[in-house]
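Breakdown of the fold
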Amino acid sequence: MLCDNITRAADGALLFAGQDVNALADRWGTPLYLMDEDRIRLNCRMYRGAFRASFGEDALPLYAGKAASFRQMYRIMAEEGLGVDAVSPGEISTALSAGYPAENIYFHGDGKTEADVAFALDRGVGCFIVDNGDELISLQEHAAARGLHQKVLLRITPGIDPHTYHAISTGAVDVKFGVPVETGQAMEFVRAALGMKNIEVAGLHCHVGSMVFDEDVFLRTVDLMVGFMADVRGELGFVFRELNLGGGYGVRYTDDDPMADIPARIAEVAARLKTRLAEADLPLPRFLMEPGRSIVADAGMTVYTVCSIKRIPGYKSYVITDGGMTDNPRYCLYGAAYTVLHAAPRGRLRAIFDLAGRCCESGDIIQPAISLPAATARGDRIAVCTTGAYNYSMASNYNRFCRPPVVMLRGGESYLAVRRERIEDVLALDL
Ligand code: LLP
């Protein structure tokens, strides 16, 4: 199977985290997001253990909340001792309202408004990851007005193409994030930040992309970052004490995807970093990364009920579900691949279908050309695997469909973390 939390009972019934998917769908309704809490915790512990082994006690993985942001996630992160990367007042509020400590939040974003800056300062967010010079000036003004000395990391763009989907690659020179090293602008950015009285420059940040499998990408990033750290010490006499390499490790959506050995990759990054730092005669900074997908993706599964089967002889066949691009826009946006399973398969004969949603749009396809039992019929349950990252968090109300609930699976039990949206919730905004 794709991941060891997906199994089948003797009669073929699909199990997720050991629980019967049909029974879960009966109890909680569909479309339904399931999240295997035990898996999330395992993934957190894998990161913490790997960081500790390679970098010592003070190294910290930050959970990138953009992958899946709701209160229960932040409670889990607090319990597992992870920091948090947040990109909006909404993510910050979600974390704080779950009791997550503000000082462990790293505040991201390339377009922070004056209100955003004030909001985060007033809530005592531990660190700003400053994306650009305009933000730096705004932060200095707001921090000065409050008599604060705000810790920051400066986001720079190392100029690395991670060979992943264009829309999610962020490290190349001409992307909209951070300040590029190659053009000399990053050095000026650091110089400006060091000259600001109410800003405490702790370190550097970079993020080269998401769904990265190419082992070399992080190693080349380390080379570039250490090169820049050495240049800064040479030119400005300043030594950074934190280094954040962003997120990006890939996960398995289908059996064709490789199995990423993240602890081994982190050990390689550590070895390379230590070598390059020693060559440059620089001390080891506190090491941070911001994994999102690799913490939650394989903890997720989405379950649908089949609404109709449409066969167009000589062309193709569709399985039309009660969900779609509103709960999973990733195929529409990125052509993303998924593994699709029937929750209670019957008959030996299989057929090829496009798994579609019920939005008024022909592009509303969850996954094309999947193999399912030929006898698949209205009322059957279909599961899409590995939907824990960027599915709930990217869901929409297109066509005024309501967003599915998030049900957590823990130790053989299930409980609600986010209730199903009702049409009253959506209508509450209309005057
Ligand atoms: N740090 C920064 C600054 C980021 O921009 C991201 C992801 C992460 C960390 C977490 O990266 P991860 O470990 O999850 O790869 N919606 C797209 C993914 C967008 C990624 C955005 N940034 C998708 O569904 O594939």
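Residues numbered from 1 in each chain as written. Predicted model: local features only at pLDDT ≥ 70, side-chain atom pairs only at ≥ 80, totals over all residues. Heavy atoms only, no water.

With that settled, consider the site of the ligand. The full set close to the ligand counts 19 residues, and S210, E290, R293, R330 and Y390 are the nearest of them. Within the side chain of S210, an N or O atom sits 2.3 Å from an oxygen atom of the ligand. Protein coverage of the free-state accessible area of the ligand, which is 580 Å², stands at 92%. Tallied by class, residues from the shell around the ligand come to 6 nonpolar, 7 polar and 6 charged. Residues from two domains meet in the shell around the ligand; each of domain 1 (6-36 + 297-427) and domain 2 (108-291) gives at least three. (Near = heavy atom within 4 Å. Polar contact = N/O pair within 3.5 Å; in protein donor to acceptor, adjacent residues only side chain to side chain. Areas by Shrake-Rupley, 256 points an atom, 1.4 Å probe, with all protein chains shown as cover. Nonpolar A, V, L, I, M, F, W, Y, C, P; charged D, E, K, R; others polar. Domains from an automatic or database assignment.)

Under the domain assignment, the chain is made up of domain 1 (6-36 + 297-427) and domain 2 (108-291). Just the C-alpha atoms count here: the centres of domain 1 and domain 2 sit 36 Å apart. Opposite the 8 residues of domain 1 that make contact, domain 2 presents 7 residues. Both sides of the domain 1 and domain 2 interface together cover about 740 Å² of buried area, and 59% of this is carbon and sulfur. Put simply, domain 1 and domain 2 have 0 salt bridges between them. Along the contact surface separating domain 1 from domain 2 lie 2 residue pairs in polar contact (both at pLDDT 80 or more). Of the residues assigned to the side of domain 1 that touches domain 2, the class counts are 5 nonpolar, 2 polar and 1 charged. (Contact = heavy atoms within 4.5 Å. Buried area = accessible area lost by both parts, 1.4 Å probe. Salt bridge = Lys/Arg side-chain N within 4 Å of Asp/Glu carboxyl O.)

Glancing now at the side chain of N5. For N5, the location among the structural elements is in the segment before β1 (6-8). N5 gets classed as buried once you look at its relative accessible area, which sits at 5%. A polar contact of 2.9 Å, which involves the side chain of N5, links it to the backbone oxygen of D298. When near neighbours in sequence (up to four residues on either side) are disregarded, N5 contacts L15, F16, A17, G18, D36, R39, D298 and A299. (Helix = DSSP H or I, 4+ residues; strand = E, 2+ residues; numbered from the N terminus. Buried < 20%, exposed > 50% of the residue type's maximum accessible area, 1.4 Å probe, protein only.)

What follows deals with helix α3 (residues 71-80). Considered for burial, the residues of α3 that qualify are Q72, M73, Y74, I76, M77 and E80. Where α3 ends, the next residue or the one after it, G81, has phi of about 75 degrees, a positive value.

For the rest of this paragraph, the subject is the sheet that holds strand β2 (residues 14-16). With respect to topology, 3 strands assemble into an open sheet ordered β1-β2-β3, the strand pairing being antiparallel. A strand with exactly one partner marks an edge of an open sheet, and here the two such strands are β1 and β3 (19-20). (Pairing = 2+ DSSP bridges.)

Our next topic: the packing of aromatic side chains. For any two aromatic rings, the description comes down to two numbers: the centre-to-centre distance and the angle of the planes. Counted under the stated rule, the structure contains 11 aromatic pairs. Judged by centre distance (5.6 Å) and plane angle (85 degrees), the rings of F70 and Y392 are edge-to-face. Of the two residues, F70 is situated in the loop between β5 (60-64) and α3 and Y392 in the loop between β19 (381-385) and β20 (406-410); the sequence distance between them amounts to 322 residues. Residue classification places F70 among the buried residues on the basis of a relative accessible area of 3%. What links up through ring pairs into an aromatic cluster is the set Y47, F51, F55 and F287. Over the aromatic face of F107 sits the side chain of K112, whose NZ or CZ is 5.0 Å from the ring centroid. Residue placement shows K274 over the ring face of F55; its charged tip is 5.8 Å from the ring centre. (Phe/Tyr/Trp six-rings, centres within 6.5 Å; stacked < 30°, edge-to-face > 60°. Lys NZ or Arg CZ within 6 Å of the ring centre and 35° of its normal.)

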